[in-house]
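These are the residues of each chain, in order.
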Amino acid sequence: MRPTLCNPVDHADVVRRFEALTPESRGRWGRMSVEQMLCHVSDYLRLPFGEVPSPDRSTVFMRGVGWLLMRLPLSFPKNLRTLRELDQEREFSTKPAAFEADRDRLLAQLDRFAQTPETADWAPNTLFGTIGKQGWGRVGWIHLDHHLRQFGV
């Protein structure tokens, strides 16, 4: 079975891994600090709720890629460029404040995602179009796992 944020066991594992991070955690690749990563991922978890403006730029090809992501045990490659809406170097991204507060905000976003019903009004994914909670849960798990591996947890 493919991991997803919709599965309580996978959700708990992701929470445990974020709790293992410290302010001293260093990335194995990329330019983000651990504090920037927490804000980046927290901003990402606002996308399914339409709270970060992100137009549907999906194409037939990218919807096909999304279909594969939902079904195959894939991961994001290292140093993959992020969506401009989530770029920590942009002025509109959430900026780090304090490690614990940033991590608490992220964990609250994770819980909010888990507790929101599948029948809620889920925003389309910028790259993959309409994917609903299950799709957001799968792509979200891949994204979070990517950054957790980046920081060694």
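Predicted, not measured: the structure shown is a model, and the values here were computed from it.

Rules behind the numbers
All residue numbers refer to positions counted from 1 along the written sequence of the respective chain. At least 70 in pLDDT is required for a residue's local features to be given in this predicted model, at least 80 for side-chain atom pairs to be given and counted, and no such filter applies to totals for whole chains, interfaces and linings, which use all residues. Just so you know, side-chain values use all the structure's heavy atoms and leave hydrogens and water out. Only DSSP runs of H or I covering at least 4 residues are called helices, and only runs of E covering at least 2 are called strands; the numbering of each starts at the N terminus. Multiplying one less than the number of residues by 1.5 Å gives the expected span of a helix. Each residue is assigned to one of three classes by its accessible area relative to the maximum for its type, calculated with a 1.4 Å probe on protein chains only: buried under 20%, partly exposed between the two thresholds, exposed over 50%. What the arc describes is the spread of directions from the helix axis to the C-beta atoms. Any pair of residues with heavy atoms lying within 4.5 Å of one another is described as a contacting pair. Any pair of N or O atoms that falls within 3.5 Å is considered a polar contact. Within protein, one atom must be able to donate a hydrogen and the other to accept it, and sequence-neighbouring residues count only if both atoms are side-chain atoms. Any two of the Phe, Tyr and Trp rings considered here, Trp counted by its six-membered ring, make a pair once their centres fall within 6.5 Å; the pair's planes then place it as stacked at under 30 degrees, edge-to-face at over 60, or tilted in between. The rule for a charge over a ring is simple: NZ of Lys or CZ of Arg within 6 Å of the ring centre, and within 35 degrees of the ring normal. The convention used is that axes are lines fitted to C-alpha atoms, helices contributing only their stretch in contact, and that angles between N-to-C directions extend from 0 to 180 degrees. Reported orientations rely on four angle classes, namely roughly parallel under 35 degrees, roughly antiparallel over 145, roughly perpendicular from 65 to 115, and oblique for the rest. Helix crossings get a hand from a simple test, with the near helix turned counterclockwise from the far one by less than a right angle marking a left-handed crossing and a clockwise turn marking a right-handed one. Gly is placed with the polar residues, together with every amino acid not listed as nonpolar (Ala, Val, Leu, Ile, Met, Phe, Trp, Tyr, Cys and Pro) or charged (Asp, Glu, Lys and Arg). Counted as salt bridges are all cases of a side-chain nitrogen of Lys or Arg within 4 Å of a carboxyl oxygen of Asp or Glu.

Peer 1: Would you mind going over helix α1 (residues 8–19) with me for this structure?
Peer 2: Every α-helix carries 3.6 residues per turn, so stepping three or four residues along brings you back to the same face. Here α1 contains twelve residues, and its C-alpha end-to-end distance of 16 Å stays within 8% of the 16 Å for a straight helix at 1.5 Å per residue. Buried residues of α1: D10, H11, V14, V15, R17 and F18, and no others. The arc enclosing the buried residues of α1, seen along the axis, measures out at 165 degrees, which places them on a common side. Opposite its buried face, α1 presents the exposed residues P8 and V9, each directed more than 90 degrees away. Where α1 is buried, its residues contact α2 (34–44), α4 (99–115) and α5 (132–150). Between the side-chain oxygen at the start of α1 and the backbone nitrogen of V9 there is a gap of 2.7 Å, and the oxygen is on N7.

Peer 1: What exactly am I supposed to notice about the packing of aromatic side chains here?
Peer 2: We describe a pair of aromatic rings using the distance from one ring centre to the other and the angle between the two ring planes. This model, assessed by the stated rule, comprises three aromatic pairs. Relative to W122, the ring of F49 lies with its centre 5.3 Å away and its plane at 40 degrees, an arrangement referred to as tilted. Of this pair, F49 sits in the loop between α2 and α3 (60–71) while W122 sits in the loop between α4 and α5, and the two are 73 residues apart along the sequence. Each member of the aromatic cluster is reached from another via a ring pair, and the members are F49, F113 and W122. A cation over an aromatic ring shows up here: R112 above the ring of F49, its NZ or CZ 3.8 Å from the ring centre.

Peer 1: Would you explain α3 in this entry?
Peer 2: In this model, α3 (twelve residues) spans 17 Å end to end at C-alpha, consistent with the 16 Å of a helix rising 1.5 Å per residue. If you check which residues of α3 are buried, you get G66, L69 and M70. Axial view of α3: buried residues confined to an arc of 100 degrees, hence all on one face. Away from its buried face, by an angle of more than 90 degrees, α3 presents the exposed residues V60 and F61. On its buried side, α3 packs onto α5.

Peer 1: Would you mind going over the packing of α2 against α4 with me for this structure?
Peer 2: When two helices pack together, their arrangement is captured by the angle between the axes and the distance separating the axes. Taken N-terminus to C-terminus, the directions of α2 and α4 make an angle of 25 degrees; their axes are 9 Å apart at the nearest point. By the criterion of interaxial angle, the relationship of α2 to α4 is roughly parallel. In this structure, α2 meets α4 at a crossing whose hand is left-handed. Contacts between α2 and α4 involve V34, E35, L38, C39, V41 and S42 on the former and, on the latter, F99, D102, R103, R105, L106 and Q109. For the contact of α2 with α4, the class distribution of residues is six nonpolar, two polar and four charged.

Peer 1: Sorry, what's going on with the pattern of salt bridges here?
Peer 2: For side chains bearing opposite charge, pairing can occur when the charged atoms are close. For the coordinates displayed, the defined rule picks out nine salt bridges. One salt bridge in this structure joins R103 and E100, with 3.0 Å as the shortest N-O distance. Separated by three residues within a single helix, R103 and E100 lie in helix α4, roughly one turn from each other. You can call R103 buried: its relative accessible area is 8%. The structure contains a network of salt bridges with shared partners spanning D13, R16, R17, D145 and R149.

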